[in-house]
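Take a look at the letters that make up each chain.
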Amino acid sequence: MDTSMKPQSAHTSNPAVTGAAFFATYWGSIAVFAPFINIYFANMGLSGIQIGILSALWPLTTLIVAPLLSAVADRFQRRVSILQISSLLMAISLLPLTFFSHTSFLFFFVVMLVQALARSATVPLSETIITRMASRHHLNYGSLRLWGSLMFAALSIGSGIVWEAWGYSLMFLAAALVLLPTIWLAGQLEEGEFVTRYERTSLMSLVNVAGMRPILLVTFLAGIALGLSFNYDGIYMDALGGNKIYIGLLFGLAALCELPSMQFSQLFMERFSAAKTVLLSLFILLISMIGYALSPTAEVLLMFAVVRGTGFGFFLISTVRLVDKLAPDEWASTAQSLRNASTFGISALIAGPLGGVLLDMFGSQAIYVAGATAMGLALLVMLASLRGGMFTLGSPTAVSTSAATTTALWRKTEA
């Protein structure tokens, strides 16, 4: 392989602490405002259609803008600096909602568009940087990422209690303050190795890398099921007779139960491969969707929230690691942005309206029947792809073979 690379000159002194702290502060900030923002908009007098438009901005930018920003970060090898700038802009974009009392839809649209643009690339960039940093230092990526879920669970429950007592006036300022440390923490992360010269390519070349198409299809189908659940769990809990405490527990328990599966996902991937761990996660998530659809009471629904959280922990870590193994080094962030766009971008844009139609026509239970169907299809696609040998990179013993395939598709040039 004709390459010209130089190692990064400086390394993070404590990569485990830095990576875990970044995830904790980033997802902690999201927990402060994201679960409550649609209620805030409703209280400010926005209509359901207007709230729907605002809710679509982040999935839309995740789908369209994030891959472009990630490609720029990969091309110019500025993943860390773009992550820092995005985090700063995201924090700044939250402040107008605190210090200005405008209630016009146009004001909210502009502010949320800026926030969505800033936020869109933060997830794929941070996951790429920290995943590869963990590999270099022989760390368990799941053990780092679980701190994000832990902080999300703690602050979403705690914030609900605080905003219930104080109102939402300080919500966005608090989210910005929690987010501020990520700007410094991002600067402490390792950029990784630098490729000095390589051929230009297109996103389609990346999609054509062996195994990339099926995993993007799998994450898209699973993303529809997850989007239906994330958007309508509160409504379903209310329909089953659960109060606000139960709604908070529904999200909190699911997030807490991600922790053990994130912790042990590395063990499963080393033992069975990343691809087979994805298959396991889809099976667990399918059981949770079926359980949601059949839950007769709020208490039973809480039990299946535990199952969903466990499955999501495995799903998130294993899909991030599998895509990282499939992608060429120089396009790692772009590949993660495509995975993120398929899971939380286009699928979320479909799941929102689809869930609304199902809710109006058939009731909330039908939402989870549709979710179980989408998750079942994802499981079948993953099983067929495994049997077809599409994920050789998912096996530790096949790295040399798959690396040769990637080299053939992504030939680098000498300086």
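What counts and how
- Residues numbered from 1 in each chain as written.
- Predicted model: local features only at pLDDT ≥ 70, side-chain atom pairs only at ≥ 80, totals over all residues.
- Heavy atoms only, no water.
- Helix = DSSP H or I, 4+ residues; strand = E, 2+ residues; numbered from the N terminus.
- Expected span 1.5 Å × (residues − 1).
- Buried < 20%, exposed > 50% of the residue type's maximum accessible area, 1.4 Å probe, protein only.
- Salt bridge = Lys/Arg side-chain N within 4 Å of Asp/Glu carboxyl O.
- Axes fitted to C-alpha atoms, helices over the stretch in contact; angles between N-to-C directions.
- Parallel < 35°, antiparallel > 145°, perpendicular 65-115°, else oblique.
- Left-handed = near helix turned anticlockwise from the far one by under 90°.
- Contact = heavy atoms within 4.5 Å.
- Nonpolar A, V, L, I, M, F, W, Y, C, P; charged D, E, K, R; others polar.

Regarding helix 1 (residues 15-33)
Reasoning step 1: Over its 19 residues, helix 1 runs 28 Å from end to end, which matches the ideal 27 Å to within 8%, given 1.5 Å per residue.
Reasoning step 2: Taken across its 19 residues, helix 1 has 16 buried, putting it largely inside the fold.

Observations regarding the side chain of asparagine 340
Reasoning step 1: Topologically, asparagine 340 is positioned in helix 16 (residues 332-344).
Reasoning step 2: Exposure remark for asparagine 340: the relative accessible area of 2% places this residue in the buried category.

Overview of the pattern of salt bridges
Reasoning step 1: Evaluated as defined, the whole model comprises 4 salt bridges.
Reasoning step 2: Across the pair glutamate 190 and arginine 136 runs a salt bridge whose closest N-O atoms are separated by 3.0 Å. Of this pair, glutamate 190 sits in the loop between helix 9 (171-188) and strand 2 (194-195) while arginine 136 sits in helix 7 (residues 122-136), placing them 54 residues apart in sequence.
Reasoning step 3: For arginine 136, a relative accessible area of 32% translates into the label partly exposed.
Reasoning step 4: Where aspartate 233 meets arginine 308, a salt bridge forms, and the shortest distance between an N and an O atom there is 2.6 Å. Here aspartate 233, found in helix 11 (residues 212-239), pairs with arginine 308, found in helix 15 (residues 298-326); they are 75 residues apart in sequence, far enough to count as distant.

Quick word on the packing of helix 13 (residues 258-272) against helix 15
Reasoning step 1: Interhelical geometry of helix 13 versus helix 15 gives an angle of 45° and a closest axis separation of 8 Å. The orientation of helix 13 relative to helix 15 falls into the category oblique. Where helix 13 crosses over helix 15, the handedness of that crossing is right-handed. Between helix 13 and helix 15, the contacting residues are Glu258, Ser261, Met262, Phe264, Ser265, Gln266, Phe268 and Met269 on the first element and Gly309, Thr310, Phe312, Gly313, Phe314, Leu316, Ile317, Ser318 and Arg321 on the second.
Reasoning step 2: Among the residues forming the contact of helix 13 with helix 15, the class breakdown is 8 nonpolar, 7 polar and 2 charged.

Considering the packing of helix 6 (residues 105-120) against helix 7
To characterise two packed helices, one gives the angle between the axes of the helices and the distance between these axes.
Reasoning step 1: Contact pair helix 6 / helix 7: the axes reach a minimum separation of 5 Å and the direction vectors enclose 20°. One finds that helix 6 runs roughly parallel with respect to helix 7. Here helix 6 contributes Ala118, Arg119 and Ser120 to the contact with helix 7, which in turn contributes Thr122, Val123 and Pro124.
Reasoning step 2: Residue composition of the contact of helix 6 with helix 7, grouped by class: 3 nonpolar, 2 polar and 1 charged.

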